[in-house]
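Structural characterization, general
Listed below, chain by chain, are the residues.
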Amino acid sequence: MVIVACLLLPFVGLLLYGMDRVEDWLTRSPEPPCHAGARRLRLIAGGRQEPATRSGPGRRPSHAA
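Please read all numbers here as calculations on a predicted model, not as lab measurements.

**Some details on the overall build of the protein**
Per the secondary structure count, the protein includes one helix and zero strands. Just so you have it, the protein exposes about 7500 Å², and 62% of that area is on carbon and sulfur atoms.

Given below as structure tokens:
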């Protein structure tokens, strides 16, 4: 029985190592494709002509009649 255990020990070690590698492979996050460049903002031609005005906190336009 000890001889069988000693003969199976390398197989069990390889199995544990392989399962560890498979687990790492399955749980890693996907990488972006190599051909995907940096994402760029595409602006729409003819956008806002004047700068936006910022209203302060609590300054909402009142639509009450």
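Still more to cover.
**Observations regarding a nonpolar patch on the surface**
Residues V4, L8, F11, V12, L15, L16 and M19 make up a contiguous nonpolar surface patch of roughly 700 Å² in combined accessible area. Residue position: V4 is located in helix α1 (residues 2-27).

**Looking at α1**
The terminal C-alpha atoms of α1, which comprises 26 residues, lie 37 Å apart, in line with the 38 Å expected from a rise of 1.5 Å per residue. Helix geometry: α1 is bent most strongly at L9, by close to 35°, with proline P10 lying one to four residues after it. Taking burial as the measure, the 26 residues of α1 include zero buried ones, a minor fraction of the element.

Reading the values: rules and limits
- Residues numbered from 1 in each chain as written.
- Predicted model: local features only at pLDDT ≥ 70, side-chain atom pairs only at ≥ 80, totals over all residues.
- Heavy atoms only, no water.
- Helix = DSSP H or I, 4+ residues; strand = E, 2+ residues; numbered from the N terminus.
- Areas by Shrake-Rupley, 256 points an atom, 1.4 Å probe, with all protein chains shown as cover.
- Patch = residues over 30% accessible without salt bridge, like charges linked within 9 Å, V, L, I, M, F, W, Y side chains within 5 Å.
- Salt bridge = Lys/Arg side-chain N within 4 Å of Asp/Glu carboxyl O.
- Expected span 1.5 Å × (residues − 1).
- Bend = angle between axes of the 7 residues up to and from the residue.
- Buried < 20%, exposed > 50% of the residue type's maximum accessible area, 1.4 Å probe, protein only.

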